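# Observations on chain architecture
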Amino acid sequence: MAALALAFSCVASAQTTTTTTTSSSSPSVIPYSAHGYLGINVGTPDYENGCGVGGFPCSDSTTSFNLYTGGMFNNYFGAEIGYVNFGKAKRGGGRTEAQGINLSLVGRVPVGPVHLFGKIGTTYGRTEVSASALSGIPTGKESGWEGSYGAGVGFDLSQRSTIVLEWARHELRFAGVGKREIDTTSIGYVHRF
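Source: prediction; values computed, not measured. (Residues numbered from 1 in each chain as written. Predicted model: local features only at pLDDT ≥ 70, side-chain atom pairs only at ≥ 80, totals over all residues. Heavy atoms only, no water.)

Along the chain, Ser 143 turns up in strand S6 (residues 140-156). Note: C-alpha distance between Ser 143 and Arg 126 (17 residues apart in sequence) is 4.3 Å. Non-local contacts of Ser 143, meaning those with residues more than four positions away in its chain, are made with Tyr 124, Gly 125, Arg 126 and Arg 173. A polar atom in the side chain of Ser 143 sits 3.3 Å from the side chain of Tyr 124. (Helix = DSSP H or I, 4+ residues; strand = E, 2+ residues; numbered from the N terminus. Contact = heavy atoms within 4.5 Å. Polar contact = N/O pair within 3.5 Å; in protein donor to acceptor, adjacent residues only side chain to side chain.)

Next up, the structure:
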């Protein structure tokens with residue numbers, strides 16, 4: 001989280017000290033890119049993990065969020081870095097928590113005030129699972145790099161403001177079961193510098 005805050009402060013500092021040479025160029029924290037942006041998405045996660053046995057309550061988290069910043073290398077390709085939190089899900093008399101740092105390449109196809117986009121990258125995820133011993137669910141902490149990808153559509157409100165609808169899949173490691181997927185469906189706001 002501290003790294004993300006540092007990235008945001010660097011962007012703000014670059015924004016105030018950079019002289020814009022053209023109206024289409026703007027600072028970005030991504031090296032060799034321009035047309036920087038900040039975004040926040042809020043949505044619902046869907047954990048692939050099972051509920052275990054024993055009649056314990058089981059439910060996914062109701063809210064996930066993603067804070068991110070990025071830049072475009074040209075009108076069609078860019079990169080972004082962000083923090084994603086998948087919330088806390090109830091499983092087997094305990095809870096499952098997941099969060100991570102995501103790095104993605106972004107492809108974008110503008111069609112007037114609408115644009116389609118896709119993302120492919122990796123997430124360094126951290127997970128923690130607690131559960132009743134009677135549930136049969138392995139417990140513990142796990143972390144590591146795994147894949148991620150997603151797609152969405154953006155609706156430009158102005159030259160600097162966009163509303164996005166996005167679906168994403170992140171693969172994360174869970175103690176005792178290995179790699180599992182968490183899907184998110186979200187709505188977000190993107191501000192371009």
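That shown, we press on.
Moving on: unusual backbone geometry. Positive phi, normally seen in glycine, also occurs at Tyr 32, with a value near 65°. Structurally, Tyr 32 can be placed in the loop between helix H1 (2-17) and strand S1 (34-47).

One finds Tyr 47, Val 84, Phe 86, Ala 89, Ala 98, Val 129, Ile 137, Leu 172, Phe 174 and Ile 182 forming the largest nonpolar core, which totals 10 residues. Secondary structure elements with two or more residues in this core: strand S3 (77-91) and strand S7 (161-174). Ranked by the residues each element gives to this core, the list is headed by S3, at 3 residues. Once residues within four sequence positions are removed from consideration, Val 84 is found in contact with Phe 65, Asn 66, Gln 99, Gly 100 and His 170. (Core = buried A, V, L, I, M, F, W, Y, C linked by side-chain atoms within 4.5 Å. Buried < 20%, exposed > 50% of the residue type's maximum accessible area, 1.4 Å probe, protein only.)

In this section: the pairing of strand S8 (residues 178-192). Examined bridge by bridge, S1 and S8 share 11 bridges and lie antiparallel to one another. By the bridge assignment for S8, Asp 46 is matched with Asp 183. The sheet contact formed by S7 and S8 spans 14 bridges and is antiparallel. When the bridges of S8 are listed, Ser 161 appears paired with His 191. (Pairing = 2+ DSSP bridges.)

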